[in-house]
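So the chains spell out like this:
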Amino acid sequence: MGVVFFGDTHITHIAVHPDFQRLGIASFLLQEIEAFAYRQHCQTLSLEVRISNIDAKRLYRKSGYEAKKRLANYYRKGNEDALYMVKRVE
């Protein structure tokens, strides 16, 4: 799911049931959100991801997202930090 706000599509959630992970579904969903952002004339896409979520961080980096800053204690559950990532819409 994504929210458009002042030229940025902020990705709030991408979730794939564990039984269906590693089948390219998350990549497909991410591509669909990026296509939506392009149609909305957004300049950027942004998201936060848990520091511990290695697979998601790998997907986002592979898709062209760049880490901009670490957000301390972003997630209440477990007081985990988040990585704020951004990609230019092309």
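What counts and what doesn't
Residues numbered from 1 in each chain as written. Predicted model: local features only at pLDDT ≥ 70, side-chain atom pairs only at ≥ 80, totals over all residues. Heavy atoms only, no water. Helix = DSSP H or I, 4+ residues; strand = E, 2+ residues; numbered from the N terminus. Buried < 20%, exposed > 50% of the residue type's maximum accessible area, 1.4 Å probe, protein only. pLDDT = per-residue confidence, 0-100. Arc of directions from axis to C-beta. Contact = heavy atoms within 4.5 Å. Phe/Tyr/Trp six-rings, centres within 6.5 Å; stacked < 30°, edge-to-face > 60°. Lys NZ or Arg CZ within 6 Å of the ring centre and 35° of its normal.

Enquirer: In this structure, what is going on with the environment of Ala35? I would like to understand it.
Expert: Among the structural elements, Ala35 can be located in helix α1 (residues 25-39). Assessed through its relative accessible area of 28%, Ala35 is described here as partly exposed. Distance in space between the C-alpha atoms of Ala35 and Glu90 is 9.4 Å, their sequence separation being 55 residues.

Enquirer: For this particular structure, what's the right way to read the confidence of the model for the protein?
Expert: A low pLDDT means the predicted coordinates there should not be read in detail. In this model, the protein carries a mean pLDDT of 93, and residues with pLDDT of at least 70 account for 98%. Considering each helix and strand of the protein separately, the mean pLDDT is smallest for strand β1 (residues 2-5), with a value of 74, and largest for strand β5 (residues 80-88), with 97.

Enquirer: I keep staring at helix α2 (residues 54-62) and nothing clicks. Help me out?
Expert: Three or four residues apart is the spacing at which side chains of an α-helix point the same way, because the helix has 3.6 residues per turn. Regarding α2, the residues found buried are Ala56, Lys57, Leu59 and Tyr60. For α2, the angular spread of buried residues about the axis comes to 160°, placing them on one side. Where α2 is buried, its residues contact α1, β3 (44-50) and β5. Count one or two residues on from α2 and you reach Gly64, which has phi positive near 100°.

Enquirer: Teacher, can you tell me more about the packing of aromatic side chains here?
Expert: The full count for this structure, using the stated rule, is two aromatic pairs. Considering the side-chain rings of Tyr60 and Tyr65, the 5.8 Å spacing of their centres and the 65° angle between planes classify their relative orientation as edge-to-face. Summarising the burial analysis for this pair, Tyr60 and Tyr65 share the class buried. Residues Tyr74 and Tyr75 carry aromatic rings whose centres are separated by 5.0 Å and whose planes lie at 80° to one another, so their mutual orientation is edge-to-face. Its relative accessible area of 18% is what places Tyr75 among the buried residues. A cation sits over an aromatic face here: Arg50 above Tyr75, 4.0 Å from the ring centre. Over the face of the ring belonging to Tyr84 we find Lys69, whose NZ or CZ atom lies 5.8 Å from the ring centre.

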